Structures are given as C-alpha cells and as structure tokens.
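A structural walkthrough
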Amino acid sequence: METVDRSVGSDFLVEEIIMRMPHDQESPFLLPGLAPTGRTVEVPLVGDTSPSGV
C-alpha cells in the first residue's frame, strides 16, 4: 500500500491510500465476475477516523 496523502487535525485523521495487488485469483468482493488476469490491480482507499465522542 502507498500513502498518497494524510490530513491530521485536532479531532480527525484522514488517509488516502492506493492498494496494489496482483489479480491472480478471483476476488468477488472487489471485481465480481472478472476472471484472474494476472495484471496489477490498483484500488484507491480513504480512511477517516476521529476520537470517540467527537
């Protein structure tokens, strides 16, 4: 995984990530109906967290 950007504040944390993996097996949760291609798959993700009670 590669972090693209991270934003930190007093009450939050946001991280932008690119997840890379070989498409060498079926992944119905991510690529439904697509047979393995052997190519690299890149999936952009965003994680957002804040302290409890905010």
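Quick summary incoming for the structure in this document. (Residues numbered from 1 in each chain as written. Predicted model: local features only at pLDDT ≥ 70, side-chain atom pairs only at ≥ 80, totals over all residues. Heavy atoms only, no water.)

1. Focus: the environment of Arg 39
The criterion, for reference: What counts as a helix is a DSSP run of H or I of at least four residues, what counts as a strand is a run of E of at least two, and both are numbered from the N terminus.
Tracing the backbone shows Arg 39 in the loop between strand E2 (12-22) and strand E3 (40-49). Sequence-wise, Arg 39 and Met 21 are 18 residues apart; in three dimensions their C-alpha atoms are separated by 8.6 Å.

2. Focus: the sheet that holds strand E1 (residues 2-9)
Our working definition: When DSSP finds two or more bridges between a pair of strands, those strands are recorded as paired. Note on geometry: axes are lines fitted to C-alpha atoms, helical ones only across the stretch in contact, with angles between N-to-C directions running from 0 to 180 degrees.
Across the sheet, 3 strands lie side by side as E1-E2-E3; this open sheet has antiparallel pairing. With one partner strand each, in any of the chains shown, E1 and E3 form the two edges of the open sheet. Neighbour-to-neighbour, the strand axes of the sheet open up by a mean angle of 15°, direction not taken into account. Where E2 and E3 come together, 10 bridges link them in antiparallel fashion. Across the sheet, residue Glu 16 finds its bridge partner in E3, namely Val 46.

3. Looking at the pairing of E1
Note that E1 and E2 share 7 bridges and pair antiparallel. The residue bridging Thr 3 from the neighbouring strand is Ile 17, located in E2. Where E1 folds back on E2, the antiparallel hairpin that results is connected by 2 residues.

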